[in-house]
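Close look at the chain arrangement
Below are the chains, spelled out letter by letter.
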Amino acid sequence: MDYSPKVMEHFANPRNVGELADANGIGEVGNAKCGDIMRMYLKIENGIIEDVSFKTFGCGAAIATSSMATELIKGKPIEDALKLTNRAVVEALDGLPPVKIHCSVLAEQAVKAAISDYYRRQGIDPTPIVGEQCENCDCENCH
Amino acid sequence: MQKLIYADHAATTRVSDSVFAAMLPYLQEQYGNPSATYAIGRETKHAIENARAQLARLLNAAPQEIYFTSCGTESDNWAIKGYAHAMKSKGKDHIITTAIEHHAVLHTCQSLEKEGFSVTYLPVNSEGYITAEQVKDAITDRTGLVTVMYANNEIGTIQPIGEIGAVCKAAGVVFHTDAVQAVGHEPIDVKAEHIDMLSLSGHKLSAPKGIGALYLRRGIVLPPYLDGGAQERGRRAGTENTAFIVALGQAAEDAGKDMEARQKRVADLRDRLIEELSKIPHAHLNGGRSPRLSGNVNFSFAGVEGESLLLMLDMQGVAASSGSACTSGSLDPSHVLLAIGLPHEIAHGSLRLTLGEDNTDEDVDTLLRVIPPIIERLRAMSPTWEKYREE
């Protein structure tokens, strides 16, 4: 697989890996059948993403996109994090091979799933804010 | 610079020194067309016939039964499609194969299904073996061809080829085997094993990529694969790839020497890897222990995805492969790992290490030093590892 140096750098030294003990929003997307699972942990205070971390089972691109997505949203207001697109993740990584674009989609969805979970914990219906979530995100949807 | 640990010999091999030396003169000095009348043409013709004899000896075949092709895939296509089309006139339209064949065979069979042939894909057991009984039970009066791989490229399992050959012979069914992974590494006797057609590839036994061969038992007639001149007895026309044919001949001769001693040395390395890697928690050896290709090690590590594992190994100078979908660009993990019953998520986490005669004890030491920490690191960042860890 021909990855950019940036992808390889994030793969070799992923940022914000692991669980977040005091997370108040956790989202998981993907499934083991298609080989990628991403779980995003958020600690949100006063509408700001104070801390973020991830755990990912997947290929080099899945790990690199998770890492990059956490960097792009850390310290940002929720509204900004919701605007994170897979395209932005791809660009920040200096591109991805075409067969790996779905990994960036997964990263975008993981952020949204974690924010949805945060709203749900606050007793707020996330759908009007975050949009429809891909609950049973199967392989066809991801790839 | 970091030393490369090459552990992907099932993918391809380095051209050996003796093979390289043997083929070189046929590029710039002995460049004559083998069909030509003058001396440098006749000499290349002799070189080709010498290579044919060298390869025939390795298989206990007659030189006239060997046809040079461009690769194992071509040999498979020619043998299977060619014989399938030939058998139609005898009222036969059924082919038997296995679920774990290489794509060169599987996709060829699928292509024949579209033409109206029916194909039985025999399942393997959880260790990756089929039995001659299964083949026998699947043969009907419409069966004309059985094609079963000699040894599997992913999990290294060696099928009971001699027994299957005997079953086919008794039933009057032609038997083809894709022996790409076995030739040069396992003793093969086409006569004793009742093999009618056998495909092989040069680059798996220290010849270059781009040369293969098909053994066709005398009496098996296939339609020509390439129409044209009289090369390869008119069945596979086109000017011969002289240098590579000479290389394959030399590789075959080298492979025949001390095969048993070489096998044992490589198998000892393999067995040490298997013993030690088995100690990693939730590591699963794919494919039975015996009979197994002497260089093949294939493990799944729960909670770990194959491509990530390969990338991290690559960073440490280790070349290996995986049955993970991510490495193939397809959605599904290896059909072989699914056929032996692995769940998808486990199949995604496979690691194939295939050793060759150039690997050393020190290489195995290095592999055993670098692999466990990588598994640990990937598991630490894996959300699927948690459920296994707690078991």
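Look a little higher up for the structure.
Residues numbered from 1 in each chain as written. Chains lettered and ligands numbered in written order. Predicted model: local features only at pLDDT ≥ 70, side-chain atom pairs only at ≥ 80, totals over all residues. Heavy atoms only, no water.

1. Overview of the overall build of chain B
To be explicit about the condition: In this text, helices come from DSSP runs of H or I with a minimum length of four residues, and strands from runs of E with a minimum of two, each type numbered from the N-terminal end. Radius of gyration: over C-alpha atoms. The globule rule applied is 2.2 Å multiplied by the number of residues raised to the 0.38 power. Should any heavy atoms of two residues lie within 4.5 Å, those residues are considered in contact. Where accessible areas are quoted, they stem from the Shrake-Rupley method and a 1.4 Å probe; at the residue level, only the protein chains shown are allowed to cover.
Across its full length, chain B holds 15 helices and 12 strands. Computed over the C-alpha atoms, the radius of gyration of chain B is 22 Å, within 12% of the 21 Å expected from 2.2 N^0.38 for a compact globule of 391 residues. Along the longest, intermediate and shortest principal axes, the C-alpha atoms of chain B span 70 × 55 × 35 Å. Within chain B, counting contacts between residues at least 6 apart in sequence, those at least 24 apart form 70% of the total. Of the accessible surface of chain B, which amounts to about 15700 Å², a share of 53% is contributed by carbon and sulfur atoms.

2. Comments concerning the environment of B:Leu313
Residues and elements named next belong to chain B. Just so we agree on the cut-off: Working definition: with a 1.4 Å probe on protein chains only, accessible area under 20% of the residue-type maximum means buried, over 50% means exposed, and in between means partly exposed.
Looking at where Leu313 falls in the secondary structure, it is placed in helix α10 (residues 306–315). The class for Leu313 is buried, based on a relative accessible area of 0%. The sequence separation of Leu313 and Val180 amounts to 133 residues, and the corresponding C-alpha distance is 26 Å. Ignoring sequence-local partners within four residues, the contact set of Leu313 consists of Val318, Ala320, Leu351, Val370, Ile371 and Ile374.

3. Regarding the sheet that holds strand β9 (residues 283–285) of chain B
Residue and element names in this part refer to chain B. The condition that has to hold: Whether two strands pair depends on DSSP finding at least two bridges between them. Lines are fitted to the C-alpha atoms to define the axes, a helix being fitted only along its stretch in contact, and any angle between axes, read from their N-to-C directions, falls within 0 to 180 degrees.
Ordered by their spatial adjacency, three strands build an open sheet running β9-β10-β12, and the pairing between neighbours is antiparallel. Two strands in the sheet have a free side with no partner beyond their single neighbour: β9 and β12 (350–354). Across the sheet, the axes of successive neighbouring strands diverge by a mean angle of 25°, strand direction being ignored. Two elements, strand β10 (residues 296–301) and β12, share five bridges in a ladder whose sense is antiparallel. Residue pairing in the sheet places Ser300 in a bridge with Ser350 of β12.

4. Regarding the sheet that holds strand β2 (residues 36–45) of chain A
Sheets are built from strands that pair by backbone hydrogen bonding, the pairs being arranged parallel or antiparallel. All names here are of chain A. Strand order in this open sheet of three strands is β1-β2-β3, and the pairing throughout is antiparallel. The open sheet terminates on both sides in strands that have one partner only, identified here as β1 (25–31) and β3 (48–57). In this sheet, adjacent strand axes meet at a mean angle of 15° when their direction is disregarded. Pairing analysis gives seven bridges linking β1 to β2, with the strands arranged antiparallel.

5. Overview of the side chain of A:Asp117
Residue and element names in this part refer to chain A. Where we set the bar: Each polar contact in these results corresponds to two N or O atoms within 3.5 Å; when the atoms are within protein, one needs to be able to donate a hydrogen and the other to accept it, and residues that are neighboring in sequence are counted only if both atoms are side-chain atoms.
Mapped onto the secondary structure, Asp117 falls in helix α5 (residues 101–121). Among the polar contacts listed, one links the side chain of Asp117 to the backbone nitrogen of Ile26, at a separation of 2.7 Å. Apart from residues no more than four positions distant in its own chain, Asp117 is found in contact with Gly25 and Ile26.

6. Re the packing of aromatic side chains
What describes a pair of aromatic rings is the distance from one ring centre to the other and the angle between the planes of the rings. All names here are of chain B. Our working rule: Any pair of Phe, Tyr and Trp rings, taking the six-membered ring for Trp, is counted once the centres come within 6.5 Å. Such a pair is stacked with planes under 30 degrees apart, edge-to-face with planes over 60 apart, and tilted for the rest.
Here the structure, examined in full by the defined rule, presents five aromatic pairs over all chains. Between Trp385 and Tyr388, the aromatic rings sit 6.4 Å apart at their centres with planes inclined by 25°, giving stacked as the arrangement. Taken together, the positions of Trp385 and Tyr388, both in helix α15 (residues 385–389) and three residues apart, correspond to about one turn of that helix. The pair formed by Trp385 and Tyr388 is uniform in burial state, with each residue classed as buried. Cluster of aromatic residues (ring-pair linked, three or more members): Tyr67, Trp78 and Tyr225.

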